[in-house]
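The chain contents come next:
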Amino acid sequence: MMIMAFSDTTIKAAFSRAGGRCECSRKTCGHLLKCGKQLNWTNRGKDYATGGWEAHHITAVCSGGSDSLSNCQILCMNCHKSTRSFGR
C-alpha cells in the first residue's frame with residue numbers, strides 16, 4: 001500500500017482557503033452548516049482544546065483520492081476524529 005501525504009504547500013494553501021477555521025460540514029458531527037472552530041497554525045496535530053487540527057483527505061488515497069488542494073480539507077481534531085478514516 002502506498003501512503004501519500006499532502007505537501008506543505010498544499011496544507012498552507014488549504015489552511016489559508018479555510019481562513020484558519022475548521023471546514024467540517026458533516027452532519028455526524030452535529031453541525032447545522034460548518035464547524036468553523038478557530039484554529040491555530042502552530043497547533044497542527046495537537047488536541048482540540050489548544051486549537052489542534054489536521055489536513056484530511058476528502059477522498060481517501062486508497063479510494064482514488066489525490067494529494068491535491070481540491071482533496072484537502074482542514075479539520076479541527078474533534079471533527080477529524082469523527083471521520084471514518086481516522087487512525088487508518
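Here, every reference points to the structure presented above.
Residues numbered from 1 in each chain as written. Predicted model: local features only at pLDDT ≥ 70, side-chain atom pairs only at ≥ 80, totals over all residues. Heavy atoms only, no water.

Examining the overall build of the protein chain
Defined as follows: Comment: elements are numbered from the N terminus, with helices defined as DSSP H or I runs of at least four residues and strands as E runs of at least two. Our radius of gyration looks at C-alpha atoms and nothing else; its globule reference is 2.2 Å times the residue count to the power 0.38. Only protein chains enter the accessibility calculation, which uses a 1.4 Å probe; a residue whose area is less than 20% of its type maximum is buried, one above 50% is exposed, and one in between is partly exposed. Should any heavy atoms of two residues lie within 4.5 Å, those residues are counted as being in contact. Only four residue types enter the charge count, namely Lys and Arg as positive and Asp and Glu as negative; His and the chain termini do not. Every charge is mapped to an atom, namely NZ of Lys, CZ of Arg, CG of Asp or CD of Glu.
When helices and strands are counted, the protein chain shows two helices and two strands. Each helix and strand of the protein chain, ordered N terminal to C terminal, gives the series α-β-β-α. A compact globule built from 88 residues would reach a C-alpha radius of gyration of about 12 Å, and the protein chain, at 12 Å, matches this within 12%. With 88 residues in all, the protein chain has 36% of them scored as buried. If you take every contact in the protein chain between residues at least 6 apart in sequence, the share linking residues at least 24 apart comes to 52%. For the protein chain, the distance from the average position of its 12 positive side-chain charges to the average position of its 5 negative side-chain charges is 7 Å.

Side note on the pairing of strand S2 (residues 72–76)
Going by this rule: Pairing between two strands is assigned when DSSP locates at least 2 bridges connecting them.
Among the five residues that make up S2, five are buried, leaving the element largely enclosed by the rest of the structure. Looking at chain direction, strand S1 (residues 53–57) and S2 are connected through five bridges and run antiparallel. Bridge assignment links Glu54 to a residue of S2, and that residue is Leu75.

Quick notes on the nonpolar core
For clarity, the threshold we go by: Residue types Ala, Val, Leu, Ile, Met, Phe, Trp, Tyr and Cys, when buried and joined through side-chain atoms within 4.5 Å, form a set referred to as a nonpolar core.
With 15 residues, the main nonpolar core has Cys22, Leu39, Trp53, Ala55, Cys72, Ile74 and Cys79 as its most contacted residues. Elements that contribute at least two residues to this core include exactly helix H1 (8–17), S1 and S2. Element by element, the count of residues in this core is highest for S2, at four residues. Leave out the neighbours within four places in its chain, and Cys22 touches Cys35, Gly36, Lys37, Leu39, Ile74, Leu75, Cys76 and Cys79.

Let's talk about H1
Under the convention used in this document: What the arc describes is the spread of directions from the helix axis to the C-beta atoms.
Here H1 has its buried residues at Thr10, Ile11, Ala14 and Phe15. Projected down its long axis, H1 shows its buried positions confined to an angular sector of 130°, all on one face. Residues Asp8, Thr9 and Ser16 are exposed on H1 and point more than 90 degrees away from its buried face. Looking at the buried residues of H1, the elements they touch are S1 and S2. Just beyond H1, the residue with positive phi is Gly19, at close to 65°.

Here's the deal with the side chain of Thr83
Rules: Pairing of N or O atoms within 3.5 Å defines a polar contact, subject to two protein rules: one partner must be a possible hydrogen donor and the other a possible acceptor, and residues neighboring in sequence count only if both atoms are side-chain atoms.
Among the secondary structure elements, Thr83 is positioned in the segment after helix H2 (77–81). Thr83 gets classed as buried once you look at its relative accessible area, which sits at 9%. At a separation of 2.8 Å, a polar atom in the side chain of Thr83 contacts the main-chain carbonyl oxygen of His80. Beyond its immediate sequence surroundings of up to four residues, Thr83 is in contact with Arg26, His56 and Leu75.

Considerations on the pattern of salt bridges
The following threshold applies: When a carboxyl oxygen of Asp or Glu lies within 4 Å of a side-chain nitrogen of Lys or Arg, that pair is called a salt bridge.
A complete count under the given rule lists two salt bridges for this structure. Across the pair Glu23 and Arg17 runs a salt bridge, and its minimum N-O distance is 3.0 Å. The exposure class of Glu23 is buried, given its relative accessible area of 11%. What makes Arg17 partly exposed here is its relative accessible area of 42%.

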